[in-house]
Amino acid sequence: MLVLIPSSLVLLISCAREPTKKEPLARNGVIDLSDWDFTKDGNIKLNGEWHFAWRKTNPPATINELLAQHKNKIAVPESWVNHPHPDQPSQNLSDQGFATYLLQIKTNGQLAAAEQPIGLKIGTITSAATIWLLDAQGNILLTMKKGVSAQSAIDEMPVTLPQAQGIQKTSLGELSLLIQVSNHLNSKGGMWLAPEMGHISRLNQQILNDLLTSVFLIGALTIIGLYHLVLYTQRREDRASLAFFMLSLTMATREMMTSRFFQHLSIGHSKTGFEILTVIEYLTMPLITIAMSLLVLYIVPGKFFNWWNRTWNLAYGIVLCLFTLFTNSVTYSGALIFYEMHIIIAAVITTIHLAHASFHKNKLATWLCISLSVMIVAAINDILHASNFIRTDFYTPYSFMGFVLLQSVIISQKSAHAYKKAQHLTLHLKDEVELRTKELKEKTKEALRAKEESEIAHNETLIAKQESDQAHREAVVAKDASDKAHQEAEYLKEKAEIQTQKLEELDKAKTIFFQNMSHEIRT
């Protein structure tokens, strides 16, 4: 079963789609899109090496003025905490601060010749940003805002919602993309996803597709979770349904947070709103892990797995929840490795437990192990895809949904089996009653026979007890007679001893008398 994970990874890598045309990368702050056809080649991510100015909020200007202000380079996408400090090369940049990114784009006049409007899509930037697209003369072709970027935490308003906007047409072939970024509420500031250029209709369709997928997942998870909550209220002993409800609810909540569902509804566009949504997002990680482990435990119990859940998994998860609630966003986001460690260790232990149960012919464990392995493979695929190591797609949301559906089927089958059993009893109630009555009569007869045998044995025991008591009384009488005879024998013995003593005294007196008489005669 464990072979499924590496084999699936090999399959994903081998089946990863190759781009129809190699995407150019930015080098030394310049990306050349002169040969890129947005209609044939599709959208392009502006990955690569950008110009960078730390703790600078440089405003729009001509390309030469901007180049003079941005003398450092930085990789995009990447957090700036991994970048050396320009004044202290031995140290990296701090997690909190502000900076300006600059990228020169060579287009060969495609914006003016394009049949469909070209646009720019901005993904995740931590935590706020202001974006300008300029021509070589410094004219503004596009302006976008993701919250309010600022030089202090008080003035910053973070928004991480993906946005797309059309670019004003221009015949000039060289453009400048200027992005001011500030971060005071996260442990890793910078551009986590590179901006993307392409037809504005495609970019907007991507955002809409992602949102609709998230809405579908949220709705499906919520409905399935509520369904299993109803199952639990009807059968309180079915704790697997309760654990499944908790898992579905936390997964739906996490999807709301990661898809920026509330921000799409214009909720949370403030510092306080951002902090609340981020706290909920981090809380879902240990809660999902706990709910998943409890679900597996209730479906496929095990002595060691139960001990591990109680002594480590649950305790560690509660500690992470308390840590998230009582620290600020910079602190707990900087401790992301501990949340990931909780998830990874739980996934490994759970997979080993299910594989062991599968080895012992447990079918439920086999299906659970397969679905969990698919989720692990999908998560690894998403990491590799986000790192541009392979070119596939993001599959984790779909694997989550597949896992939920499979577990729903398993739990529903258990409920259906109980329902069929009840229905069978209803349809064949008379036969069942007669069968049970016959069995009861047979057991009653056996009980009566056993009772008679018990009474006979009891009577025999009473007779034996009476005989034993009679023998005991006779033995007591015999003992009394024996004691009386013994006493009489002792009395006669004492009387004989007294008579013997008297005879001895008479014999002695007689002897003395004859001795005296003999002496008198001689004298």
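Our subject is the structure that appears above.
Source: prediction; values computed, not measured.

## A look at the sheet that holds strand 7 (residues 118–122)
At step 1: Taken in spatial order, the four strands of this open sheet run 2-14-7-11, and their pairing is antiparallel. Each edge of the open sheet is held by one strand with a lone partner, namely strand 2 (44–45) and strand 11 (163–166).
At step 2: Where strand 7 and strand 11 come together, four bridges link them in antiparallel fashion. Bridging across to strand 11, G119 finds its partner in G166.
At step 3: On top of the sheet, helix 5 (residues 200–234) reaches strand 7, strand 11 and strand 14 (196–199); it is set at about 115° to strand 14, its chief contact.

## A word on the pattern of salt bridges
At step 1: Under the criterion given, the structure shown has five salt bridges.
At step 2: One salt bridge in this structure joins D469 and K465, with 3.4 Å as the shortest N-O distance. Here the residue D469 and the residue K465 both occupy positions in helix 14 (residues 429–522), the gap between them amounting to four residues, near one helical turn.
At step 3: Judged by relative accessible area, which is 48%, K465 ranks as partly exposed.
At step 4: Overlapping salt bridges, with partners in common, bring together R235, E237 and D238 in one network.

## Here's the deal with the sheet that holds strand 8 (residues 125–126)
At step 1: Pairing is antiparallel across the open sheet formed by three strands, whose spatial order is 5-13-8. If you trace the sheet from one side to the other, it starts and ends with strand 5 (78–79) and strand 8, each paired once.
At step 2: When strand 8 meets strand 13 (residues 190–191), the two strands line up antiparallel, connected through two bridges. Within the sheet, the bridge partner assigned to T126 lies in strand 13 and is G190.

## Points about the packing of aromatic side chains
At step 1: Evaluated as defined, the whole model comprises 11 aromatic pairs.
At step 2: A ring pair is formed by F52 and W54, whose centres lie 6.5 Å apart and whose planes are at 25°; its orientation type is stacked. In this structure, F52 and W54 share a single accessibility class: buried.
At step 3: Judged by centre distance (5.2 Å) and plane angle (75°), the ring pair of W54 and W80 falls under edge-to-face.

## With respect to the packing of helix 8 (residues 271–299) against helix 11 (residues 336–359)
At step 1: Viewed as axis vectors pointing N to C, helix 8 and helix 11 meet at an angle of 10°, and their least axial separation amounts to 10 Å. Taken as axis vectors, helix 8 and helix 11 run roughly parallel relative to one another. Considering the relative orientation of helix 8 and helix 11, their crossing is left-handed. Along its contact with helix 8, which presents Y282, M285, P286, T289, I290, S293 and V296, the element helix 11 presents L336, Y339, H342, I343, A346, T350, H353 and L354.
At step 2: Across the contact of helix 8 with helix 11, the residue classes tally to 10 nonpolar, five polar and no charged.

## Description of helix 11
At step 1: The end-to-end C-alpha distance of helix 11 is 35 Å, a good match for the 34 Å that 24 residues give at a rise of 1.5 Å each.
At step 2: Taken together, the buried positions of helix 11 are Y339, H342, A346, T350, T351, H353, L354, A355, A357 and S358.
At step 3: Count one or two residues on from helix 11 and you reach K361, which has phi positive near 70°.

## So, the packing of helix 8 against helix 9 (residues 303–325)
Angle between the axes and distance between the axes are the two parameters that describe a pair of packed helices.
At step 1: Between helix 8 and helix 9, the shortest axis-to-axis distance is 9 Å and the interhelical angle comes to 170°. Comparing their axes, helix 9 and helix 8 come out roughly antiparallel. Contacts from V279, Y282, L283, P286, L287, T289, I290, S293, L294, V296 and L297 in helix 8 reach F305, N306, W308, N309, N313, L314, G317, I318, L320, C321, T324 and L325 in helix 9.
At step 2: When grouped by side-chain class, the residues that make up the contact of helix 8 with helix 9 number 16 nonpolar, seven polar and no charged.

## A closer look at unusual backbone geometry
At step 1: Put simply, V76 and P77 share a cis peptide bond, and its omega is 5°.
At step 2: With respect to the helices and strands, the residue P77 is situated in the loop between strand 4 (72–76) and strand 5.
At step 3: Here T126 and S127 are connected by a cis peptide whose omega angle stands at 5°.
At step 4: Looking at where S127 falls in the secondary structure, it is placed in the loop between strand 8 and strand 9 (128–135).
At step 5: Phi is positive for S266, close to 65°, though the residue is something other than glycine.
At step 6: Among the secondary structure elements, S266 is positioned in the loop between helix 7 (261–264) and helix 8.

Conventions we followed
Residues numbered from 1 in each chain as written. Predicted model: local features only at pLDDT ≥ 70, side-chain atom pairs only at ≥ 80, totals over all residues. Heavy atoms only, no water. Pairing = 2+ DSSP bridges. Helix = DSSP H or I, 4+ residues; strand = E, 2+ residues; numbered from the N terminus. Contact = heavy atoms within 4.5 Å. Axes fitted to C-alpha atoms, helices over the stretch in contact; angles between N-to-C directions. Salt bridge = Lys/Arg side-chain N within 4 Å of Asp/Glu carboxyl O. Buried < 20%, exposed > 50% of the residue type's maximum accessible area, 1.4 Å probe, protein only. Phe/Tyr/Trp six-rings, centres within 6.5 Å; stacked < 30°, edge-to-face > 60°. Parallel < 35°, antiparallel > 145°, perpendicular 65-115°, else oblique. Left-handed = near helix turned anticlockwise from the far one by under 90°. Nonpolar A, V, L, I, M, F, W, Y, C, P; charged D, E, K, R; others polar. Expected span 1.5 Å × (residues − 1).

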